[in-house]
Amino acid sequence: MPVIDDFAKAYLHSDLREIREAVLGKLDGLSEYDIRRPLTATGTTLLGLVKHLAVGEARYFGEVFGRPSPDAVPRWDDLELRGTDMWATEHETREEIIGRYRRVWAHSDATIDALAIDAPGHVPWWPRPDVKLFNVLVHVLTETGRHAGHADILREQLAGTPPTDSGRDRAFWAARCAEVDRAAKAAGPIDS
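(A) Highlighting the packing of helix 3 (residues 46–61) against helix 4 (residues 94–114). With their axes 9 Å apart at the nearest point, helix 3 and helix 4 run at an angle of 25 degrees to one another. Our classification of the angle between helix 3 and helix 4 gives roughly parallel. As for the relative orientation of helix 3 and helix 4, their crossing is left-handed in sense. The residues of helix 4 that touch helix 3, namely those facing Leu 47, Val 50, Lys 51, Leu 53, Ala 54, Glu 57, Ala 58 and Phe 61, are Arg 94, Ile 97, Arg 100, Tyr 101, Val 104, Trp 105, His 107, Ser 108, Thr 111 and Ile 112. When the residues that make up the contact of helix 3 with helix 4 are grouped by side-chain class, the tally is 11 nonpolar, three polar and four charged.

Now the structure itself:
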């Protein structure tokens, strides 16, 4: 029977694998322009989220545990390059960025498989830099889930339609939005 540490590691790792695929699924069926165009005031893009997740995961499961990623990653303290992982240049293809993310997964998965859940690591950019694999697994899973939520919203904005896997049709969502809008208006003044 596995100990709780083995169970926790396997459970977190399984969730991470699942949420990675969910993030990539948000790119399916979209044009190059749609996956690259800024959809927020800060310039967030769907492909940029994938690129950002690849860089972050390469750092966390690579250099934090002394197992550098085979893909080059900008140094975490290089201020000039900060933020360049949040969008794709015209020279970076969808295939390159997705391929990089998948290679990072393979490297991360090998690190997770090779180390015990309490294996020590060092995150120099954290206030308490001495960590365990457990801390990093939880952090990366949380970050990936957070960005998957961003991707859900961006995808819905792009499509202009609700998620197709909700079991609801457009009429349902139009009625729901109208109901939410009525409640918002009834709650207080529209002008702030």
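(B) Expanded view of the layout of surface pockets. Space inside the largest pocket adds up to approximately 490 Å³. Considering the residues around the largest pocket, the lining is formed by 23 residues, among which His 52, Val 55, Gly 56, Arg 59 and Asp 85 are closest to the centre. Elements with a contribution of two residues or more to the lining of the largest pocket: helix 3 and helix 5 (133–159). With seven residues, the top contributor of residues to the lining of the largest pocket is helix 3. Of the residues belonging to the lining of the largest pocket, the class tally is nine nonpolar, seven polar and seven charged.

(C) Region of interest: the pattern of salt bridges. Overall, the coordinates contain 14 salt bridges when judged by the stated rule. The salt bridge involving Arg 103 is made with Asp 71; its shortest N-O contact spans 2.9 Å. Separated by 32 residues along the polypeptide, Arg 103 in helix 4 and Asp 71 in the loop between helix 3 and helix 4 bring together distant segments of the chain. We classify Arg 103 as partly exposed; its relative accessible area is 42%.

(D) The packing of aromatic side chains, seen in detail. In total, this model carries four aromatic pairs according to the counting rule given. Considering the side-chain rings of Phe 7 and Tyr 11, the 5.8 Å spacing of their centres and the 35 degrees angle between planes classify their relative orientation as tilted. In this pair, Phe 7 and Tyr 11 are both assigned in helix 1 (residues 4–25), four residues apart and thus about one turn of the helix distant. Measuring from ring centre to ring centre gives 5.4 Å for Tyr 60 and Trp 125, while their planes differ by 70 degrees; the resulting arrangement is edge-to-face. Of this pair, Tyr 60 sits in helix 3 while Trp 125 is found in the loop between strand 1 (120–122) and strand 2 (130–132), placing the two residues 65 residues apart along the sequence. Aromatic ring contacts, followed pair by pair, group Tyr 60, Trp 125 and Trp 126 into a single cluster. In this structure, Arg 168 packs its charged tip against the face of Phe 172, placed 4.2 Å from the ring centre.

(E) Summary view of helix 1. With 22 residues, helix 1 should cover 32 Å at 1.5 Å per step; its first-to-last C-alpha distance of 32 Å lies within 8% of that length. Listed as buried for helix 1 are Lys 9, Leu 12, His 13, Leu 16, Arg 20, Val 23 and Leu 24. Seen along its axis, helix 1 keeps its buried residues to an arc of 105 degrees; they face one direction. Every exposed residue of helix 1 that faces more than 90 degrees away from the buried side is listed here: Ile 4 and Glu 18.

(F) Summary view of the packing of helix 1 against helix 4. Relative orientation of the contacting elements helix 1 and helix 4 amounts to 180 degrees, with a least axis distance of 12 Å. Classified by the angle their axes make, helix 1 and helix 4 are roughly antiparallel. Between helix 1 and helix 4, the residues in contact are Lys 9, His 13, Leu 16, Arg 17, Arg 20, Glu 21 and Leu 24 and Ile 98, Tyr 101, Arg 102, Trp 105, Ser 108, Asp 109, Ile 112 and Asp 113, respectively. Residues belonging to the contact of helix 1 with helix 4 are distributed by class as follows: six nonpolar, two polar and seven charged.

Definitions and limits used
Residues numbered from 1 in each chain as written. Predicted model: local features only at pLDDT ≥ 70, side-chain atom pairs only at ≥ 80, totals over all residues. Heavy atoms only, no water. Axes fitted to C-alpha atoms, helices over the stretch in contact; angles between N-to-C directions. Helix = DSSP H or I, 4+ residues; strand = E, 2+ residues; numbered from the N terminus. Parallel < 35°, antiparallel > 145°, perpendicular 65-115°, else oblique. Left-handed = near helix turned anticlockwise from the far one by under 90°. Contact = heavy atoms within 4.5 Å. Nonpolar A, V, L, I, M, F, W, Y, C, P; charged D, E, K, R; others polar. 1 Å grid on protein atoms, 1.4 Å probe; cavity = no way out; pocket = protein on both sides within 12 Å on 5 of 7 lines; lining within 4 Å. Points joined across faces, edges and corners; volume = space filled by probe spheres on them. Salt bridge = Lys/Arg side-chain N within 4 Å of Asp/Glu carboxyl O. Buried < 20%, exposed > 50% of the residue type's maximum accessible area, 1.4 Å probe, protein only. Phe/Tyr/Trp six-rings, centres within 6.5 Å; stacked < 30°, edge-to-face > 60°. Lys NZ or Arg CZ within 6 Å of the ring centre and 35° of its normal. Expected span 1.5 Å × (residues − 1). Arc of directions from axis to C-beta.

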